[in-house]
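Residue strings, one per chain:
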There are 2 protein chains.
Amino acid sequence: MAGLTDNANAGAGRTVISVDAMGSDRGPATVVAGIDRSARKNPDIGFILHGPRDELERLVERRKSLRDRCEIRHAPDVVSMEDKPSQVARNGKGTSMWSALESVREGEADVCVSCGNTGALMMLSVLRLRKLPGVNRPAIAVLWPARSEQEFNIMLDVGADIRADENDLLQYALMGASYARNGMEIAHPRVGLLNVGTEEHKGRAELKLAHDLIAENAENANFDFVGFVEGSDIPGDTADVIVTDGFTGNIAIKTGEGTAKLIGALLREAFKFSPLSRLAALLALTSLRRLNKRIDPRRVNGGVFLGLNGTVVKSHGSADATGVSAAVKLAFKLGRSSFSEKLAARVASAVRVPQDDETSADSNGTTK
Amino acid sequence: MAGLTDNANAGAGRTVISVDAMGSDRGPATVVAGIDRSARKNPDIGFILHGPRDELERLVERRKSLRDRCEIRHAPDVVSMEDKPSQVARNGKGTSMWSALESVREGEADVCVSCGNTGALMMLSVLRLRKLPGVNRPAIAVLWPARSEQEFNIMLDVGADIRADENDLLQYALMGASYARNGMEIAHPRVGLLNVGTEEHKGRAELKLAHDLIAENAENANFDFVGFVEGSDIPGDTADVIVTDGFTGNIAIKTGEGTAKLIGALLREAFKFSPLSRLAALLALTSLRRLNKRIDPRRVNGGVFLGLNGTVVKSHGSADATGVSAAVKLAFKLGRSSFSEKLAARVASAVRVPQDDETSADSNGTTK
């Protein structure tokens, strides 16, 4: 048993993901089923799994593809969805969430994945991984179904912090663009700043300041600043990265999610209305499934915590095995591309005034 | 010709709506078709129509049901969608929008309806009708498709102003509740304050202050305060009235609209995919139309400007005759119920500290 799971080779030549096995609404069996799915698809992935050893060993034992690829770290306690972040920060040392972050902190794993309590995970992440130099407020970035080529846009912050001044918004732009390049393979991402109108004179004072700061840094940081965007651009094709404060971002995604759910519920009702509509629904099943797949949040499961020394992927608490596997896939992609290091370098380079940057000062550091 | 349209009896026993015939994307013919539709359904409605006399006379002449019910007021100029509000405020005296507001200001009409430029309409409304005593920032309230019994929730402010302090938010709660009673016949509306979580300690400082202020005024103002609500509650069944600042409200509705449009577009694509799905779409036509009707913005066309001496209904610029007719129906309902007067009384009564209110101080003025 020990040979099967306590495998010191989990990381040999592989990208290692540190996984919090607990805290999911569906329990650790779903998490293990999810990482097993990823392991079967991807030979270059390894896991360190955190939680109660006996329970996890029993679950991992049955999965052939996890053999030699999944090390178990015993953590007896679990952070529940009801636990207050501040309590977890004080007393959470024995939890699987704490342990999972520890593997990233120690450099054993590249990225941490957890389905647990968002507030507690953010607080522990800041506490244990610490903020990147130059970052004042870390951010949570999510993917949102959109008309753009990659079918999803990135939005940040969606709730790590309810405030953001112009410097925070600049950091979000830099971090979001870096995430778009490394997580979604968009070489030259379009970045937009969320506002109530696209005219430059509109909106709050910090937004006007942020507009100019981001514009100044765009060329140097290799993204295309499209200026102010509106709520309708979040699911649109104007920008790949939507920058906003955590209060507005949280309201926007929850409104969008609620609206999508309402339409889904009404669609189901509409199709149940008469025998003819029931027949139509039957015939339309494939079409509706195709639509569902296109906007399925499980396909892009994972908010990413940005601005820390290490990357944390927050999976939905209610994610099934498909959802967990999607979060692991994103974590792998970010780990493999050395996203954390690139992000740190990007943020560090932008803290300087653009003119001071050696790579661009001579040719174009002052032209934008 | 003069006898047909310049009818001094437009208001005899009727609720008179002042209509800006110009400024719609579809032109005055659509506006006249819309009010004609309302006139045919409702014998108790009368109109004062503002715009270039010759053009309007020609349009109204053809409509039998508008005979003796529609007075035309000549206004040679038109506010375009591109005009800056401040310019319109300075030079807009000859416009149909200005003239339409003037009828409400003079007491000839109960409510004004316009499809024109929102910013200009708001600025002219504040300038000509003036704010109600006790109201610092007027608000725009819209209806949003929702799971609640009445199938739509009210949200305000959605963009009249980008700021709102705790007192403004209290005014929005009072005005929204009054609108719910008079415009949607909800006797005891549930009012929620939009935030990033439902716990009382969450959110910005002004939201916590507003929470307590609104709670104190709820009983006196005859609404049920459900506390903080989230973005997902805007299309939900938790509150009938969602209170927020104009920045957040604008972002939320535009995100929701964008998401609904994206789903609609993807649904159409999904149904076009194969011959079978095309057949399904044909059979599902009635179901899809039923859904479309349920969330059709034309059914509830009209943002309402609240907090002024007089009510202004802003119809979508792209509204067709059905949309214009829906805006007129809402305007009629509000005019018939003496909404403006009730709203003024409601706001005036809440400006006092609840304990000072004679009607409730003895029995329960301090219990809530």
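Residues numbered from 1 in each chain as written. Chains lettered and ligands numbered in written order. Predicted model: local features only at pLDDT ≥ 70, side-chain atom pairs only at ≥ 80, totals over all residues. Heavy atoms only, no water.

**Here we look at the pattern of salt bridges**
Inference 1: In the structure shown here, the tally under the stated rule is 30 salt bridges over all chains.
Inference 2: Across the pair Asp240 of chain A and Arg190 of chain A runs a salt bridge, and its minimum N-O distance is 2.8 Å. Placement of Asp240 of chain A in the loop between strand 8 (224-229) and strand 9 (241-243) and of Arg190 of chain A in strand 7 (residues 190-194) is noted, with a sequence separation of 50 residues between them.
Inference 3: Residue class for Asp240 of chain A comes out buried when judged on its relative accessible area of 4%.
Inference 4: Here Glu108 of chain B makes a salt bridge to Arg73 of chain B, at a shortest N to O gap of 2.7 Å. Taken as a pair, Glu108 of chain B in the loop between helix 5 (96-105) and strand 4 (111-114) and Arg73 of chain B in strand 3 (residues 70-74) lie far apart in primary sequence, 35 residues in all.
Inference 5: Glu108 of chain B sits in the partly exposed class, given a relative accessible area of 35%.
Inference 6: For Arg73 of chain B, a relative accessible area of 23% corresponds to the partly exposed category.
Inference 7: Each of Arg137, Asp161, Arg163 and Asp168 of chain A takes part in one network of salt bridges that share partners. (Salt bridge = Lys/Arg side-chain N within 4 Å of Asp/Glu carboxyl O. Helix = DSSP H or I, 4+ residues; strand = E, 2+ residues; numbered from the N terminus. Buried < 20%, exposed > 50% of the residue type's maximum accessible area, 1.4 Å probe, protein only.)

**Side note on the interface of chain A and chain B**
Inference 1: Chain A puts 50 residues into the contact, and the matching count from chain B is 50 residues.
Inference 2: Taking both partners together, chain A and chain B bury about 4500 Å²; carbon and sulfur atoms supply 75% of that area.
Inference 3: Along the contact surface separating chain A from chain B lie four salt bridges.
Inference 4: A salt bridge links Arg204 of chain A to Asp245 of chain B, with the nearest nitrogen and oxygen atoms 3.4 Å apart.
Inference 5: Connecting chain A to chain B are six residue pairs in polar contact (both at pLDDT 80 or more).
Inference 6: Elements with a contribution of two residues or more to the side of chain A that touches chain B: strand 5 (139-145), helix 9 (246-272), helix 10 (275-283) and helix 11 (285-294) of chain A. (Contact = heavy atoms within 4.5 Å. Buried area = accessible area lost by both parts, 1.4 Å probe. Polar contact = N/O pair within 3.5 Å; in protein donor to acceptor, adjacent residues only side chain to side chain.)

**Describing a nonpolar patch on the surface**
Inference 1: Where nonpolar side chains cluster on the molecular surface, the patch consists of Leu276, Leu279 and Leu282 of chain A and spans about 290 Å² of accessible area.
Inference 2: By the element assignment, Leu282 of chain A lies in helix 10. (Patch = residues over 30% accessible without salt bridge, like charges linked within 9 Å, V, L, I, M, F, W, Y side chains within 5 Å. Areas by Shrake-Rupley, 256 points an atom, 1.4 Å probe, with all protein chains shown as cover.)

**Details of the side chain of Ser38 of chain A**
Residue and element names in this part refer to chain A.
Inference 1: Position of Ser38 relative to the elements: it lies in helix 2 (residues 28-41).
Inference 2: Ser38 sits in the buried class, given a relative accessible area of 5%.
Inference 3: Look past the residues within four positions of Ser38 in its chain and what remains in contact with it is Ile45, Phe47, Ser325 and Val328.

**Here's the deal with unusual backbone geometry**
Residues and elements named next belong to chain A.
Inference 1: That bond from Leu156 to Asp157 is cis: its omega, -5°, falls within 30 degrees of zero.
Inference 2: Locating Asp157 in the fold gives a position in the loop between strand 6 (152-156) and helix 7 (166-184).
Inference 3: At Glu185, a residue that is not glycine, the phi angle is positive and equals roughly 55°.
Inference 4: The phi torsion at Asn222 lies on the positive side, around 65°, for a residue other than glycine.
Inference 5: One can find Asn222 in the loop between helix 8 (205-218) and strand 8.

**What to know about the packing of helix 2 (residues 28-41) of chain B against helix 3 (residues 53-61) of chain B**
Residues and elements named next belong to chain B.
Inference 1: Direction vectors running N to C along helix 2 and helix 3 enclose 40°, while the axes themselves pass 10 Å from each other. In this view, helix 2 runs oblique relative to helix 3, as classed from their interaxial angle. When you trace helix 2 past helix 3, the crossing you get is right-handed. Together, Pro28, Ala29 and Val32 of helix 2 and Glu55, Leu56, Leu59 and Val60 of helix 3 make up the contact between the two elements.
Inference 2: For the contact of helix 2 with helix 3, the class distribution of residues is six nonpolar, no polar and one charged. (Axes fitted to C-alpha atoms, helices over the stretch in contact; angles between N-to-C directions. Parallel < 35°, antiparallel > 145°, perpendicular 65-115°, else oblique. Left-handed = near helix turned anticlockwise from the far one by under 90°. Nonpolar A, V, L, I, M, F, W, Y, C, P; charged D, E, K, R; others polar.)

**A closer look at the relation of the copies chain A and chain B**
For the pair of chain copies, the relating transformation is a rotation about an axis with a translation along it.
Inference 1: Superposing chain A onto chain B takes a rotation of 180° plus a shift of 0.0 Å along the axis, which leaves an RMSD of 0.0 Å. When the rotation and shift are considered jointly, the pair of chain copies conforms to a two-fold rotation axis.
Inference 2: Both copies share a contact surface, since 100% of the interface residues of chain A are interface residues in chain B too. (Least-squares fit on C-alpha atoms with pLDDT ≥ 70 in both.)

**With respect to the state of the cysteines**
All names here are of chain A.
Inference 1: Under the criterion given, the structure shown has zero disulfides over all chains.
Inference 2: Free of any disulfide, Cys112 has its nearest cysteine sulfur in Cys115, 10 Å distant.
Inference 3: Among the residues examined, Cys112 registers a relative accessible area of 0% and is labelled buried. (Disulfide = S-S within 2.5 Å.)

**A short note on the packing of helix 7 (residues 166-184) of chain B against helix 8 (residues 205-218) of chain B**
Residue and element names in this part refer to chain B.
Inference 1: Interaxial distance between helix 7 and helix 8 falls to 8 Å at its minimum, and their mutual angle equals 40°. The angle between the axes of helix 7 and helix 8 places the two elements in the oblique class. The chirality of how helix 7 crosses helix 8 is right-handed. For the pair helix 7 and helix 8, contact is made by Glu166, Asn167, Leu169, Leu170 and Ala173 and by Glu206, Leu207, Leu209, Ala210, Leu213, Ile214 and Asn217, respectively.

**Here we look at the sheet that holds strand 2 (residues 45-51) of chain B**
Residues and elements named next belong to chain B.
Inference 1: Taken in spatial order, the 11 strands of this open sheet run 3-2-1-4-11-10-5-6-9-7-8, and their pairing is mixed. A single partner strand is all that each edge strand has here, and the edge strands are strand 3 and strand 8 (224-229). Adjacent strand axes in the sheet meet at a mean angle of 25°, parallel and antiparallel pairs treated alike.
Inference 2: Looking at chain direction, strand 7 (residues 190-194) and strand 9 (residues 241-243) are connected through three bridges and run parallel. Following the sheet pairing, Val191 is matched in strand 9 by Val241.
Inference 3: Helix-sheet contacts for helix 8 involve strand 7 and strand 8, and the interaxial angle to strand 8 is about 165°. (Pairing = 2+ DSSP bridges.)

**Notes on helix 10 (residues 275-283) of chain B**
Inference 1: The complete set of buried residues in helix 10 of chain B reads Ser277, Ala280 and Ala281 of chain B. All buried residues of helix 10 of chain B lie within an arc of 100° about the axis, which places them on one face of the element. Every exposed residue of helix 10 of chain B that faces more than 90 degrees away from the buried side is listed here: Pro275 and Leu282 of chain B.
Inference 2: Of the surrounding elements, those touching the buried residues of helix 10 of chain B are helix 10 and helix 11 of chain A together with helix 9 (246-272) and helix 11 (285-294) of chain B. (Arc of directions from axis to C-beta.)

**Here's the deal with the packing of aromatic side chains**
Inference 1: For the coordinates displayed, the defined rule picks out two aromatic pairs over all chains.
Inference 2: A centroid spacing of 6.1 Å and a plane angle of 50° characterise the contact between Tyr179 of chain A and Phe339 of chain A, whose relative ring orientation is tilted. Remark: Phe339 of chain A occurs in helix 13 (residues 339-351) and Tyr179 of chain A occurs in helix 7; sequence separation between them is 160 residues.
Inference 3: For Tyr179 of chain A, a relative accessible area of 0% translates into the label buried.
Inference 4: Geometry around Phe247 of chain B places Arg204 of chain A over its ring, the cationic atom sitting 4.0 Å from the centre. (Phe/Tyr/Trp six-rings, centres within 6.5 Å; stacked < 30°, edge-to-face > 60°. Lys NZ or Arg CZ within 6 Å of the ring centre and 35° of its normal.)

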